[in-house]
Amino acid sequence: MVQAKRLDEVKEYYFSSKLREVRALEAAGKPIINLGIGSPDLPPPPQVISKLNEALSNPGAHQYQPYRGTADFRNAIRDFYKNHYQVSLDPETEIIPLMGSKEGITHISMAFLDKGDQVLIPNPGYPTYSSVTKLVEAEAVYYNLSAKGNWLPDLEELAKKDLSKVKLMWVNYPHMPTGASANDEFFADLVAFAKKWQILIINDNPYSFILNDHPESILKTEDCKDVVLELNSLSKSFNMAGWRIGMLCGSEKNINTILKVKTNMDSGMFYPLQAGAAEALRLDKKWFTAQNEIYKQRKEKVLELAEALNCTPEKDQQGMFVWAKVPEGETSEGFVDHLLHTHDIFTAPGFIFGSQGEGYIRFSLCTNEENISEAIKRVKK
Ligand SMILES: Cc1ncc(COP(=O)(O)O)c(C=O)c1O
């Protein structure tokens, strides 16, 4: 059967195909150290596992669950946003749980985009914004980020373009892959930009607790809800990537529009997952402090590895990666393949995040210090 035309421009996700190659090398006996993917190797909070187990015995646990998520989980999301970001949300109307924030990217795009609509997408940025835009037959318009501009969009420059067909703009701070952060002032400028040009901004916010003492939400910006949505996730903050739990917060009107898509695509999230996730969201700051102690140690080691490879890391990065320039004259793909085949070290090449990522490499902090020390040893040898 001929595939749908909408797939013509969409490729298999880079990690989906590259990890096949990595697994084949492992199967052939290569001792691969994986510094490629951002899948936390640390365990979720133990209370969360207990809650999940306990919830399995709840008499209603195995039935369909509410489309909008359980009231308990939505209340936990409300409290989480209040406690950590000082943002007030109505759990009845302004919150929906997601099966990972990645699925939210599709729901939002299907809910707001028609064929030919334009979408502002960061370059470099999370590749899914771009592939989903293509899947719904909208047009990706990339805005360049660079070290010189602190990896923030130049809104004045953007305003000089014809923005009449732009409906959505994806932003993601703390930013993946560069680790750059945004402050209140930038978010206020962004909201003003969105109002002026009638664009819906979505901040994708899965990294705000990793190596960052001051988590920010764009939803804290005054009078922003009509033009802003925020995606969040338990994947990175609570080491629960495999659980597939995220959330979407925004105005009642926008949330209802997205529910028209989502309620036709799934039939609620498994009850024990929601019960466990609610338990995680109720943990206090000590959880993040303990995780960050581990990430801090790992980061020091990864910086040592980057130095041994003559790579130059960006300053002041947040999140669970180290973004670094590859040595002069190298391409990111060539450098990553060299590391993989010479030293059995898997990292992510910057080009997969867009043309502005060329010349960079992304190291993940999702492997233990022992492995990173071994990687340093291999490179120094
Ligand atoms: C920027 C960004 N957004 C979204 C996601 C997806 O996260 P989730 O596991 O919640 O689907 C990732 C995962 O790597 C990410 O890096």
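Residues numbered from 1 in each chain as written. Predicted model: local features only at pLDDT ≥ 70, side-chain atom pairs only at ≥ 80, totals over all residues. Heavy atoms only, no water.

Draft legend 1. Region of interest: the overall build of the protein. A count of helical and extended segments in the protein gives 12 helices and 13 strands. What you see for the protein is a C-alpha radius of gyration of 21 Å, in line with the 21 Å of a compact globule of 381 residues. The C-alpha extent of the protein, read off along each of the three principal axes, is 60 × 55 × 50 Å. Expressed as a percentage of the 381 residues in the protein, the buried residues total 56%. For the protein, the accessible surface area stands at approximately 17400 Å², while carbon and sulfur atoms represent 49% of it. Where the 43 positive side-chain charges of the protein centre and where its 50 negative ones centre are 3 Å apart. (Helix = DSSP H or I, 4+ residues; strand = E, 2+ residues; numbered from the N terminus. Rg over C-alpha atoms; globule rule 2.2 N^0.38 Å. Buried < 20%, exposed > 50% of the residue type's maximum accessible area, 1.4 Å probe, protein only. Areas by Shrake-Rupley, 256 points an atom, 1.4 Å probe, with all protein chains shown as cover. Lys, Arg positive; Asp, Glu negative; His and termini not counted. Charge placed at Lys NZ, Arg CZ, Asp CG, Glu CD.)

Draft legend 2. View of the domain arrangement of the protein. Once the domains are mapped, the protein shows domain 1 (5–44 + 285–380) and domain 2 (46–281). Taking only C-alpha atoms into account, the centre of domain 1 sits 25 Å from that of domain 2. Taken together, the contact between domain 1 and domain 2 spans 36 residues of the former and 39 residues of the latter. Buried surface at the junction of domain 1 and domain 2, summed over both partners, amounts to about 3200 Å²; 60% is from carbon and sulfur atoms. At the boundary of domain 1 and domain 2, one finds 0 salt bridges. If you look at where domain 1 meets domain 2, you find 14 residue pairs in polar contact (both at pLDDT 80 or more). Every element with two or more residues in the side of domain 1 that touches domain 2 is listed here: α10 (285–308), β10 (321–325) and β13 (360–364). Broken down by element, the residue count for the side of domain 1 that touches domain 2 peaks at 8 residues, all from α10. (Domains from an automatic or database assignment. Contact = heavy atoms within 4.5 Å. Buried area = accessible area lost by both parts, 1.4 Å probe. Salt bridge = Lys/Arg side-chain N within 4 Å of Asp/Glu carboxyl O. Polar contact = N/O pair within 3.5 Å; in protein donor to acceptor, adjacent residues only side chain to side chain.)

Draft legend 3. Just the site of the ligand, in detail. If you check the shell around the ligand, you find 14 residues, and the closest are Asp204, Tyr207, Ser233, Ser235 and Arg244. Contact between the ligand and Ser235: an oxygen atom at 2.6 Å from a side-chain N or O atom of the residue. At 2.7 Å from an oxygen atom of the ligand is found a side-chain nitrogen or oxygen belonging to Arg244. Protein burial of the ligand: of its 400 Å² of free accessible surface, 91% is covered by the chains. Residue composition of the shell around the ligand, grouped by class: 5 nonpolar, 5 polar and 4 charged. (Near = heavy atom within 4 Å. Nonpolar A, V, L, I, M, F, W, Y, C, P; charged D, E, K, R; others polar.)

Draft legend 4. Region of the structure containing the packing of helix α2 (residues 46–55) against helix α9 (residues 271–281). Interaxial distance between α2 and α9 falls to 8 Å at its minimum, and their mutual angle equals 150°. Between α2 and α9, the angle is such that the two are roughly antiparallel. Note that α2 runs across α9; the crossing there is right-handed. Packed against α2, whose contacting residues are Gln47, Val48, Lys51, Leu52 and Ala55, the element α9 presents Tyr271, Pro272, Leu273, Ala275, Gly276, Glu279 and Ala280 at the interface. Split by residue class, the contact of α2 with α9 holds 8 nonpolar, 2 polar and 2 charged. (Axes fitted to C-alpha atoms, helices over the stretch in contact; angles between N-to-C directions. Parallel < 35°, antiparallel > 145°, perpendicular 65-115°, else oblique. Left-handed = near helix turned anticlockwise from the far one by under 90°.)

Draft legend 5. Highlighting the nonpolar core. One finds Tyr81, Ile108, Leu120, Met169, Phe238 and Phe363 to be the most contacted residues of the largest nonpolar core, which totals 121 residues. Residues lining this core come from more than one domain, with at least three contributed by each of domain 1 (5–44 + 285–380) and domain 2 (46–281). Once you skip the residues sitting within four places of it in the chain, Tyr81 turns out to touch Gln86, Val87, Leu89, Ser217, Leu219, Glu230, Asn232, Met247 and Cys249. (Core = buried A, V, L, I, M, F, W, Y, C linked by side-chain atoms within 4.5 Å.)

Draft legend 6. A look at helix α3 (residues 71–85). A rise of 1.5 Å per residue sets the reference length of α3, with its 15 residues, at 21 Å; its end C-alpha atoms lie 21 Å apart and thus fit the reference within 8%. By the burial criterion, the buried members of α3 are Phe73, Arg74, Ala76, Ile77, Phe80, Tyr81, His84 and Tyr85. Along α3, the residues classed as buried sweep out an arc of 155° about the axis, all on the same side. Elements that come into contact with the buried residues of α3 comprise β2 (95–98), β7 (228–233), β8 (246–250), α9 and α10. Backbone geometry just downstream of α3 places Gln86 in the positive-phi region, at approximately 55°. (Expected span 1.5 Å × (residues − 1). Arc of directions from axis to C-beta.)

Draft legend 7. Quick peek at the sheet that holds β13. An order of β9-β10-β13-β12 is seen for the 4 strands of this open sheet, with the pairing classed as antiparallel. Of all the strands in the sheet, just β9 (312–313) and β12 (348–349) have a single pairing partner and so form its edges. In this sheet, β13 lies alongside β10 in antiparallel orientation, the contact comprising 5 bridges. Bridging across to β13, Val322 finds its partner in Phe363. (Pairing = 2+ DSSP bridges.)

Draft legend 8. Structural view of the UniProt feature "domain: SANT" (unreviewed entry) in the protein. The residues that UniProt annotates with the feature "domain: SANT" (unreviewed entry) are residues 1–22. Split by type, residues 1–22 is 41% helix and 0% strand. Its first and last C-alpha atoms lie 30 Å apart. (UniProt positions renumbered as here; feature names shortened; annotations may be inferred.)

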